[in-house]
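Architecture at a glance
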Amino acid sequence: MLKMLNILFLYSDTEASSFYRCFLPAYTLQRLNLANVIYSNNPTQEDLEWANVIVFCRYLNIKSFELIKQLQPKGKKFVFDLEDDLFNPPPTTVSYFNYTTKVKDRIRRFLDLVNAITVTTLYLANEYKQYNSNVCVLPNCYDPLHHIPHEIHKSNKDKIVICWQGSRSHHEDLKILLPSLASIMHQYKDRVIFKTFGY
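Given the structure is predicted, the values throughout are model-derived calculations rather than measurements.

Structural notes on the environment of Asn6
Relative to the assigned elements, Asn6 resides in strand S1 (residues 5-11). Its relative accessible area of 11% is what places Asn6 among the buried residues. Measuring from C-alpha to C-alpha, the distance between Asn6 and Leu48 comes to 10.0 Å, with 42 residues separating the pair along the chain. In terms of polar contacts, Asn6 uses its side chain to reach the side chain of Asn36, at 2.9 Å.

Structure below.
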């Protein structure tokens, strides 16, 4: 019988991205009994020694380089998970001005050090293959077991409720939907409720 992997997921924040790219995959691996999992934003030395695989989920700082330098000689494997093109961020991205030449050089060095890169789309896979040949596409997913259905409010039973989640960096993405939203609004008029949430 194969021994299960011990996977340590390192995350830098608890935003929606970390939920879908870190917490949900970690929980699912554990729930399906496919791996032993720990997730942390401040791992102990014991966590690091325990892990066979360490996944960096938007977790890139000076400590990341130190971890690889310390643990790669011990046979640990490292994965960097990305959902954005860090070398060509759109100007609408909240952190656009943080991506200086120095930061991009550090990202390139890090991509070269890790054993694998996981991304959300084929487009990103093609972009990152020039920095690391081991790139895998792991699309974002939705697990209904993580969402408890709420009873539909009586006043909304005949309504069409459309929800949009995202930060201001998703403004351009929302524009793509405008023709479809206009069509729905035209067809269903005052039955449509459009809700947004994010930051």
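Text resumes after the structure shown.
Points about the environment of Leu10
Inspection of the secondary structure puts Leu10 in strand S1. Setting aside residues up to four positions removed in sequence, Leu10 forms contacts with Ser40, Pro43, Ile54, Val55, Phe56, Cys57, Tyr59 and Leu67.

As for helix H4 (residues 101-113)
Here H4 is 13 residues long and its end C-alpha atoms lie 19 Å apart, about the 18 Å a rise of 1.5 Å per residue gives. When H4 is considered as a whole, its buried residues turn out to be Val103, Lys104, Ile107, Phe110 and Leu111. End-on, the buried residues of H4 take up no more than an arc of 120°, which puts them together on one face. Pointing more than 90 degrees away from the buried face of H4 are the exposed residues Thr101, Lys102 and Asp112. In this structure, the buried side of H4 is in contact with strand S3 (53-57), helix H3 (62-71), strand S4 (77-82), strand S5 (116-119) and helix H5 (122-128).

Details of the state of the cysteines
If you walk through the whole model with that rule in mind, you get zero disulfides. Cysteine Cys22 is unpaired, with the sulfur of Cys57 as its nearest cysteine sulfur at 3.6 Å. Classification of Cys22 as buried rests on a relative accessible area of 0%.

A word on the side chain of Thr120
Mapped onto the elements, Thr120 comes out in the loop between S5 and H5. Given a relative accessible area of 11%, Thr120 falls into the buried group. Ignoring sequence-local partners within four residues, the contact set of Thr120 consists of Arg21, Leu82, Glu83, Val137, Leu138, Pro139 and Asn140.

Focus: the pairing of S3
A large share of S3 lies buried, amounting to five of its five residues. Residue alternation in S3 divides its side chains into two sets, Val53, Val55 and Cys57 and Ile54 and Phe56, and both sets are buried. Pairing of S1 with S3 involves five bridges; the strand directions are parallel. Bridge pairing links Ile7 to Val53 in S3. Bridging between S3 and S4 involves five bridges; their strand directions are parallel. Paired with Val55 across the two strands is Val79, which belongs to S4. In this region the chain leaves S3, passes through H3 and returns to the parallel neighbour S4; the handedness of that crossover is right-handed.

The rules behind each value
- Residues numbered from 1 in each chain as written.
- Predicted model: local features only at pLDDT ≥ 70, side-chain atom pairs only at ≥ 80, totals over all residues.
- Heavy atoms only, no water.
- Helix = DSSP H or I, 4+ residues; strand = E, 2+ residues; numbered from the N terminus.
- Buried < 20%, exposed > 50% of the residue type's maximum accessible area, 1.4 Å probe, protein only.
- Polar contact = N/O pair within 3.5 Å; in protein donor to acceptor, adjacent residues only side chain to side chain.
- Contact = heavy atoms within 4.5 Å.
- Expected span 1.5 Å × (residues − 1).
- Arc of directions from axis to C-beta.
- Disulfide = S-S within 2.5 Å.
- Pairing = 2+ DSSP bridges.
- Right-handed = clockwise from strand over helix to strand, strands pointing away.

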